[in-house]
Amino acid sequence: VDPPTNIKDFLAVENPVLFEDDHIAIVNKPGMLDCIGEKRNDLQSILPFVLRPPDNKTTKNNPSSQYYIPRPVHRLDRKTSGCVLVAKS
């Protein structure tokens, strides 16, 4: 599956992932991108394409592969750029 095509600004950021481990990540959100919004047009839809899955076996209780769905912990307004904390587990 290819990443959404309307998120070029996010992917163009030199290093959108500022910190990452198996449990959390901090990403640099550009302005004019919703954190959570329309399907495939928001930060939440982009995260699986830029974050690595946790190094676990695939089970319902251990997120990875098909169960791996990173989620923003908080929101920033659409026009606001800045750091977003992402839960990975």
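Residues numbered from 1 in each chain as written. Predicted model: local features only at pLDDT ≥ 70, side-chain atom pairs only at ≥ 80, totals over all residues. Heavy atoms only, no water.

**Some details on the nonpolar core**
By size, the foremost hydrophobic cluster in this structure holds 11 residues: Val 17, Ala 25, Val 27, Leu 33, Cys 35, Leu 43, Ile 46, Leu 47, Leu 51, Val 84 and Val 86. Of all the secondary-structure elements, those providing two or more residues to this core are β2 (24-29), α2 (43-50) and β4 (82-87). Of all the elements, α2 adds the most residues to this core, at 3 residues. Not counting the four nearest positions on each side in its chain, Leu 47 is found in contact with Val 27, Pro 70, Pro 72 and Val 86. (Core = buried A, V, L, I, M, F, W, Y, C linked by side-chain atoms within 4.5 Å. Buried < 20%, exposed > 50% of the residue type's maximum accessible area, 1.4 Å probe, protein only. Helix = DSSP H or I, 4+ residues; strand = E, 2+ residues; numbered from the N terminus. Contact = heavy atoms within 4.5 Å.)

**Comments concerning the confidence of the model for the chain**
Of the residues in the chain, 67% reach a pLDDT of 70 or more, and the chain-wide mean stands at 76. Ranking the helices and strands of the chain by mean pLDDT puts β4 first, with 93, and helix α1 (residues 8-12) last, with 68. (pLDDT = per-residue confidence, 0-100.)

**Thoughts on the sheet that holds β2**
Paired through their backbone hydrogen bonds, the strands of a sheet run either parallel or antiparallel. Spatially, the 4 strands line up as an open sheet ordered β1-β2-β4-β3, and their pairing is antiparallel. Where the open sheet ends on each side, the last strands, each with one partner, are β1 (17-20) and β3 (71-72). (Pairing = 2+ DSSP bridges.)

**Points about the pairing of β1**
Here β1 runs beside β2; their pairing, made up of 3 bridges, is antiparallel. In the strand pairing of β2, Phe 19 is matched with Ile 26. Hairpin geometry of β1 and β2 is characterised by an intervening segment of 3 residues between the two adjacent antiparallel strands.

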